[in-house]
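Inside the fold
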Amino acid sequence: MTPNIAPAEPRQTPGLAPIPPVATRPIVEVKSVSKTYAGGVEALSGISLDFPEGRLTTLLGPSGCGKTTLLKIIAGLIPASGGQVFVDGREVKGPGPERAFVFQDFALMPWASVIRNVAFGLELRGIAHGEREAIAERHIARVGLKGFERKYPHELSGGMRQRVGLARALAVDAKVVLMDEPFSAVDEQTRRKFQEELLELVANEGKSFIFVTHSIEEAVYVSDRIALLSRRPSRVSAIIEPKIVRGGDPEKIRRDSAYLDVVEDIWQQLKHYLD
Amino acid sequence: MQISDLASALPARREPPASYWRDALIHPLVLRLVSFAAVLALWEYAGRIPLSPAFPTFLETMGGLGAIIADGTLYKAFLITLHPLVIGLAVSVLLGVALGVLMGLHEPSEWLIAPVFVIAQAAPLAALIPILTFAYGIGLTAKIMTVCIMAMPVIVLNTLGAVRNTPKSLLEMSRSFLASRSQSIRLVILPAASPMIFAGLRLGCAAAFIGVILAELLITPTGIGDVISYNQSVADYPKMYAAILAIIVFSVLFIELLERIELTLFRPESRA
């Protein structure tokens, strides 16, 4: 048996200067976590990974590589078969108030209005009706849905529904926001808009984001750090920190040569996982 | 000229009277009335052939209906029929939904309880009525039991399925936002299940109406069942069919009312 693999060192990538590691303390630490599903499918094999505070870290990998499994283990929604996860220094035993989740399929309650959906996390914590609606209203405005408070999910477009999901996660004021392919069910234009807004959110919110995607471009565009996962059973095959100058024109990033080089480099690494 | 200009310019050129008549003809209410009128006209025609000497026309049946309403027979019969129906239905709904929710939340109780209802739903339960009569006599109890065995299986099994089919992502969502078990049940599972539970209740009500009429025809003739079998025995077919028509209309209106109640109380999103 090989021992658990230590986290890969940041690699030197062509077209980029050697990258210094992000110099903040890790808010989430994953320590040799493995997961074997009932029936013997090994999804994760001894993954160790640090997620720096106040940054956006992306789990990127081929379909079915266990990215979502790892995210749900961090969320405390499914138990790991081995290893430990620490959030803010405390071991994860289940879901906690310092983590909030944004779901791929939005997971909105169809019978509840936008404001009730956004305030749901606060409702569950027993916060009084008036107070939680005030907080929810603020976050609805923040994600650009002012005026839609009393609408129901079926009256909204896919992109607007995911804004509701995001507002719900922000409303509980968690330190870590976990996002499971949040933009995969929205159209391409909305997706680009979302990516730009996400950058703004990371810059202004002071929260840590863990983001799962299978899109290389999306990962490079939004991330401070990318953990490249290999095929099942998953390990961390590389850690990449795109040093892209953000701020200014968000459109410029997509034409930036550093951005394009990192995308190309990741593609070269992922290519051999395809048949 | 842009394409969008063309699109908005086109409808204005259409002849207004023609589209008015076409819109009126395909209006849902008009189509529904046409559907009713067609069935009633067929009935009237079949009665006039005549299909059978025991089959009155629609107009004769309306005459019979007027007669049993005027002399108070129908009103009294309904009161008597409603007695076992309401008690049986109340028991079936309360007990049925409770059992369904319990089994949906707790798997071992499903293995324990569900097989009875699965068999009951597949079996021709009317065949049990003689046994019920043997066990409970010819009184109210046997009739209530008949309503229950007809109505309960579909209510129980729909409720069980509804609770089981709560979307997995909603359950994960409520867990990740720290819902306790009871909060999950009250705020997520039951609201998510309510459309399918109500579908079961509508089917259950229809089955309860079948049950109560079966009981009144097979156990002892009372209420509407009495009006039907008495008028059959004296060959007053218009009144017999009037009683049958009355219970059908009542059943349809009752189930329609149940749907309205569901939409008003439990489905705010459908009114938005």
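Since the model is a prediction, treat every value here as computed from it, not as a measurement. (Residues numbered from 1 in each chain as written. Chains lettered and ligands numbered in written order. Predicted model: local features only at pLDDT ≥ 70, side-chain atom pairs only at ≥ 80, totals over all residues.)

With respect to the overall build of chain B
Of regular secondary structure, chain B possesses 13 helices and zero strands. The order of α-helices and β-strands along chain B, N terminus first, is α-α-α-α-α-α-α-α-α-α-α-α-α. Here the C-alpha atoms of chain B give a radius of gyration of 25 Å, more than 25% beyond the 19 Å that 2.2 N^0.38 yields for 272 residues. The principal-axis extent of the C-alpha atoms belonging to chain B is close to 75 × 65 × 30 Å. Intrachain contacts of chain B at a sequence separation of at least 6 include 73% that bridge at least 24 residues. (Helix = DSSP H or I, 4+ residues; strand = E, 2+ residues; numbered from the N terminus. Rg over C-alpha atoms; globule rule 2.2 N^0.38 Å. Contact = placed C-beta atoms within 7 Å.)

Points about the overall build of chain A
Counting secondary structure elements, chain A contains nine helices and ten strands. When contacts within chain A are restricted to residue pairs at least 6 apart in sequence, those whose partners lie at least 24 apart make up 72%.

Here we look at unusual backbone geometry
Residues isoleucine 49 of chain B and proline 50 of chain B are joined by a peptide bond in cis, for which omega reads -10°. The residue proline 50 of chain B is located in the loop between helix H3 (28–48) and helix H4 (58–70) in this model. Unusually for a residue other than glycine, aspartate 88 of chain A sits at a positive phi of about 55°. When you line up the elements, aspartate 88 of chain A lands in the loop between strand S4 (82–87) and strand S5 (90–91). Of note in this structure, alanine 235 of chain B is not a glycine but carries a positive phi near 60°. You can see alanine 235 of chain B is positioned in the loop between helix H11 (223–233) and helix H12 (237–266).

Focus: the pairing of strand S2 (residues 42–52) of chain A
Within S2 of chain A, eight of the eleven residues are buried, which leaves it mostly tucked inside the rest of the structure. In this structure, the hairpin formed by strand S1 (residues 26–36) of chain A and S2 of chain A is closed by a connection of five residues, where glycine 39 of chain A is found at a positive phi of approximately 105°. (Buried ≥ 20, exposed ≤ 12 C-beta atoms within 10 Å, placed from the backbone. Pairing = 2+ DSSP bridges.)

Brief notes about the domain arrangement of chain A
All names here are of chain A. Under the domain assignment used here, chain A contains domain 1 (26–98 + 175–271) and domain 2 (109–173). The centre of domain 1, based on its C-alpha atoms, is set 25 Å off from the matching centre of domain 2. Counting residues at the interface gives six residues for domain 1 and five residues for domain 2. Tallied by class, residues from the side of domain 1 that touches domain 2 come to five nonpolar, one polar and no charged. (Domains from an automatic or database assignment. Nonpolar A, V, L, I, M, F, W, Y, C, P; charged D, E, K, R; others polar.)

A short note on H3 of chain B
Quick reminder: α-helices carry 3.6 residues per turn. Residues three or four places apart thus point the same way. When the terminal C-alpha atoms of H3 of chain B are compared, their 30 Å separation across 21 residues agrees well with the 30 Å that a helix rising 1.5 Å per residue should span. By the criterion of burial, H3 of chain B is predominantly exposed, with just one of the 21 residues buried. (Expected span 1.5 Å × (residues − 1).)

Brief notes about the packing of H3 of chain B against H4 of chain B
Residue and element names in this part refer to chain B. Between H3 and H4, the shortest axis-to-axis distance is 7 Å and the interhelical angle comes to 100°. In terms of orientation, H3 and H4 fall into the roughly perpendicular class. Taking contact as the criterion, the partners of Leu40, Trp43, Glu44 and Gly47 in H3 are, on H4, Phe58, Leu59 and Glu60. Here the contact of H3 with H4 is built from residues that sort into four nonpolar, one polar and two charged. (Axes fitted to C-alpha atoms, helices over the stretch in contact; angles between N-to-C directions. Parallel < 35°, antiparallel > 145°, perpendicular 65-115°, else oblique.)

Comments concerning the interface of chain B and chain A
Counting from both sides, the interface comprises 16 residues of chain B and, opposite them, 20 residues of chain A. When residues of the side of chain B that touches chain A are traced back to their parent elements, those giving at least two are helix H9 (168–176), helix H10 (181–218) and helix H13 (268–271) of chain B. Residue contributions to the side of chain B that touches chain A peak at six residues, all from H9 of chain B. Classifying every residue of the side of chain B that touches chain A gives nine nonpolar, three polar and four charged.

Considerations on helix H6 (residues 188–205) of chain A
All names here are of chain A. For H6, which comprises 18 residues, the first-to-last C-alpha distance of 25 Å matches the rise-based estimate of 26 Å (1.5 Å per residue) to within 8%. Burial in H6 covers these residues: Phe194, Leu198 and Val202. End-on, the buried residues of H6 take up no more than an arc of 75°, which puts them together on one face. The outward face of H6, more than 90 degrees from its buried face, is lined by the exposed residues Gln189, Glu200, Ala203 and Asn204. Buried positions along H6 lie against strand S3 (56–60), strand S8 (208–213) and helix H7 (216–222). With its phi angle positive at about 70°, glycine 206 sits one or two positions after the end of H6. (Arc of directions from axis to C-beta.)

Looking at the pairing of strand S7 (residues 176–180) of chain A
Residues and elements named next belong to chain A. The element S7 is largely enclosed, with a buried count of five among its five residues. As paired strands, strand S6 (residues 99–102) and S7 are joined by four bridges and run parallel to one another. Directly across from arginine 99, in S7, lies its bridge partner valine 176. Bridging between S7 and S8 involves five bridges; their strand directions are parallel. For valine 177, the partnering residue across the bridge sits in S8 and is phenylalanine 209.

Digging into the sheet that holds S8 of chain A
Residue and element names in this part refer to chain A. Strand order in this open sheet of six strands is S6-S7-S8-S3-S9-S10, and the pairing throughout is mixed. Among the strands making up the open sheet, the edge pair consists of S6 and strand S10 (236–240). Neighbouring strand axes in the sheet, compared pairwise and without regard to direction, differ in orientation by 15° on average. As paired strands, strand S9 (residues 225–229) and S10 are joined by four bridges and run antiparallel to one another. By the bridge assignment, leucine 229 is partnered in S10 with valine 236. Where helix H5 (residues 158–171) meets the sheet, its contacts fall on S6 and S7, and the angle it forms with S6 comes to roughly 175°. Packing against the sheet, helix H9 (residues 257–271) makes contact with S9 and S10, and its axis sits at approximately 175° to S10.

Considerations on the nonpolar core
Counting 133 residues, the largest nonpolar core has Ile74, Leu178 and Ile210 of chain A together with Ala208 of chain B as its most contacted members. Top contributing element to this core by residue count: helix H8 (residues 140–164) of chain B, with 16 residues. (Core = buried A, V, L, I, M, F, W, Y, C linked by C-beta atoms within 7 Å.)

Some remarks on the packing of helix H5 (residues 73–105) of chain B against H8 of chain B
A packed helix pair is summarised by two numbers, namely the angle formed by the two axes and the spacing between the axes. Residues and elements named next belong to chain B. Between H5 and H8, the shortest axis-to-axis distance is 7 Å and the interhelical angle comes to 30°. Looking at the two axes, H5 sits roughly parallel to H8. In this structure, H5 meets H8 at a crossing whose hand is right-handed. When its residues are assigned to classes, the contact of H5 with H8 shows 21 nonpolar, seven polar and two charged. (Left-handed = near helix turned anticlockwise from the far one by under 90°.)

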